[in-house]
Amino acid sequence: MKIMIVGECRNGQILDATYENVAFAEKLGGDSFMFMVGTQAALPKYEGKLYLADAGECGEFNPEAHKQLILKTVSIEQPDLVVFSHSSYGWDLAPRVALALKAAQLSEVVDIKEGAYVVPACNAKLRRRLRPKSAITVVTLQAGAFSPASEPTGQPAIEPVSCDPSGAIEFCGYEAAEAAGVDLAKADVIVSAGRGIGKAENMEMIGGLARALGGEFAASRPVVDAGWTEHNRQVGSTGQSVSPKLYLACGISGSVQHMAGMKKSEFVVAINTDRDAPIGEIADVLIVADLKEFIPILTEKLRAL
Amino acid sequence: MKALVCIKQVPDMESKFKINASGTWYDENNLAWRMNEYDEYAVEQAVQLREQFGDVDVTVLCIGPDRVKETMKKALAMGADRGLHVRDDLGGEKGPLEIASIIAEFAKDKGFDLIFTGMQSQDRGSAQVGVLVAEMLGLPSVTTVVDFSCDGTTVSAKRELEGGVRAVVRVATPALVTCQLGMNTPRYPTLPNIMKAKKKELLSVEVQELLTAESLLTTEQFYFPEKNVGALVLEGATAELAETLIGILKEKTTVI
Ligand SMILES: Cc1cc2nc3c(=O)[nH]c(=O)nc-3n(C[C@H](O)[C@H](O)[C@H](O)COP(=O)(O)OP(=O)(O)OC[C@H]3O[C@@H](n4cnc5c(N)ncnc54)[C@H](O)[C@@H]3O)c2cc1C
């Protein structure tokens, strides 16, 4: 099997997703080579051939140009498998490439079993095992599912690629994430509210529990999107990453994107009415209860200590 | 201006799922259904466009069995003008390539200026359909959009990247946008609008008339993952649960 690894570079920096893609290729075995739109100044640590297109020339975000560059590289190398990360870069680009190659695309692969690919379904409650029928296959890998076993090393052998950089989409630049007003990374205890709190007024209850534990409160994305609290308290792949001594997930189902931001917590307690909620997979304790009843009693008992 | 919004009906994710008889998907019986969360933002954005320009005709498209019309009625009550239901009892088992082919076949000669889809569905989560539709139609597409504006001919959008960073992009219409959570605040249909929606056009066509692609994948198994039984599961009377938890926290952590 010949594997094409698509690396990622943002603002001139190699993203970790690149090395996860390499780890996946190593796990599968076979020959691999890498493709990346990046710069000579920041090369990935990779022992092998790197088809490098210059980001200065064709833009870091230019899906049409990147598609053309990938198709060109595919026609030279004829890989059996093209590997992207399931990231804002990968899920944007992979379907464009897959359609052009008449390739089956498997999104958010988490495992390989019996030579077939495993992907999640229904908010990670279920899994599907899929086998492609096409000559060439495109996959995107879930962030964190395939981690490098050791620190990446190596010096790539560069093959320059270029293409017509024009495209319908004009990239005007990056906008930094809202600055964090609270430094959640420093908190020993984080009490985090999910959609299960039901309404904005219940944020007070979450804040109250956080105070009783001497910690900070945070939230999952729907709570932020609904405007119940500010974005700088969002935990997850598009929010902050935290690693407190205690993380209390209140009414949070445990999506991959949320867990990406809190899985390094030392001790996780989940409060959830659904005993099958995926948060149970990484929690140390799962309290099956209605948080609206449980939290006020817990808070009261903690205050009385 | 003409806008198309592609929506999907999905089960409530808190449902007790069961595997279907063929072991390839979930059993669609006895589930509570709702609009795919991402698509609510898509409908809202199209309706806002009409409020901005007045002369925007919003078509909402949904593929699935007759029950999906309930979800379509919600979109009509939110403000979409007309509905196109593609009747397909097996829609849930179709992959992104087939679904996109159906939408593209419908949209190809309609002259839509803007097409909105969710960035992914909650059940399948492949994040492919929007991009595939655009590619099939030869249109530019911008994915994972959290901020959208349009002056009539040019779309200015912000794509959300990892860590909450945003990429600012511009693209001329016609174009397709995939909508990410938080893009706007989807409205709740009001009672008068629910009544009005009942009179709006909602046509059904059979899927065979539009389907042009075949799946390139076989589903070998659909299953519950092995439980990582790490968590100690506690159930029972609330006051006792609280006592138990405090005991555990005292023993296992240094925070109290
Ligand atoms: C690209 C991308 C990036 C994302 N980034 C993030 C991110 O950074 N952070 C993030 O959090 N999400 C992110 N998301 C969203 C993520 O996919 C989920 O939609 C989200 O995490 C769900 O939040 P939740 O668990 O609070 O809500 P839900 O999934 O709706 O879960 C609510 C939970 O509350 C429980 N519940 C309901 N009522 C009660 C009650 N009375 N008592 C106790 N429990 C109750 C339910 O059983 C359920 O488990 C992202 C999504 C995408 C596509």
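Residues numbered from 1 in each chain as written. Chains lettered and ligands numbered in written order. Predicted model: local features only at pLDDT ≥ 70, side-chain atom pairs only at ≥ 80, totals over all residues. Heavy atoms only, no water.

### Observations regarding the overall build of chain A
Then, number 1: Helices and strands together make up the secondary structure of chain A, namely eight helices and 18 strands.
Then, number 2: Along the longest, intermediate and shortest principal axes, the C-alpha atoms of chain A span 70 × 45 × 35 Å.
Then, number 3: Counting all 305 residues of chain A, 58% fall into the buried class.
Then, number 4: A separation threshold of at least 6 residues defines the contact pool for chain A, and within that pool the share at least 24 residues apart is 63%.
Then, number 5: Of the roughly 11,800 Å² of accessible surface on chain A, a fraction of 47% belongs to carbon and sulfur atoms.
Then, number 6: Taking the 29 positively charged and 37 negatively charged side chains of chain A as two groups, their mean positions are separated by 6 Å. (Helix = DSSP H or I, 4+ residues; strand = E, 2+ residues; numbered from the N terminus. Buried < 20%, exposed > 50% of the residue type's maximum accessible area, 1.4 Å probe, protein only. Contact = heavy atoms within 4.5 Å. Areas by Shrake-Rupley, 256 points an atom, 1.4 Å probe, with all protein chains shown as cover. Lys, Arg positive; Asp, Glu negative; His and termini not counted. Charge placed at Lys NZ, Arg CZ, Asp CG, Glu CD.)

### Focus: the site of the ligand
Then, number 1: Around the ligand, the structure places 34 residues, and the nearest of them are S220, V235, T238, S253 and N272 of chain A.
Then, number 2: In this structure, the ligand sits where chains A and B come together, each supplying nearby residues.
Then, number 3: Here Q234 of chain A contributes a side-chain N or O atom positioned 2.8 Å from an oxygen atom of the ligand.
Then, number 4: Within the side chain of H258 of chain A, an N or O atom sits 2.8 Å from an oxygen atom of the ligand.
Then, number 5: Within the complex, 92% of the 980 Å² of free accessible area of the ligand lies under protein.
Then, number 6: Mapped onto the shell around the ligand, the elements with two or more residues apiece are α6 (221-225), α7 (256-262), β17 (268-272) and α8 (291-303) of chain A. (Near = heavy atom within 4 Å. Polar contact = N/O pair within 3.5 Å; in protein donor to acceptor, adjacent residues only side chain to side chain.)

### Details of helix α2 (residues 68-78) of chain B
Then, number 1: Restricting attention to buried positions, one finds in α2 of chain B the residues V68, T71, M72, A75, L76, A77 and M78 of chain B.
Then, number 2: Looking at the residues trailing α2 of chain B, positive phi occurs at G79 of chain B, about 135°.

### Considerations on the packing of helix α3 (residues 96-107) of chain B against helix α4 (residues 129-137) of chain B
Residues and elements named next belong to chain B.
Then, number 1: Here α3 crosses α4 at 45°, and the two axes come no closer than 8 Å. With respect to α4, the axis of α3 lies oblique. Classified by chirality, the crossing of α4 by α3 is right-handed. Contacts between α3 and α4 involve P96, L97, I99, A100, S101, I103, A104 and A107 from the first element and V129, L132, V133, M136 and L137 from the second. (Axes fitted to C-alpha atoms, helices over the stretch in contact; angles between N-to-C directions. Parallel < 35°, antiparallel > 145°, perpendicular 65-115°, else oblique. Left-handed = near helix turned anticlockwise from the far one by under 90°.)

### Points about unusual backbone geometry
Residue and element names in this part refer to chain B.
Then, number 1: With an omega of 0°, the peptide bond running from T173 to P174 counts as cis.
Then, number 2: Here P174 is to be found in the loop between β9 (166-172) and β10 (175-179).
Then, number 3: For T144, which is not glycine, the phi dihedral falls at a positive 55°.
Then, number 4: Within the secondary structure, T144 is located in strand β7 (residues 141-150).

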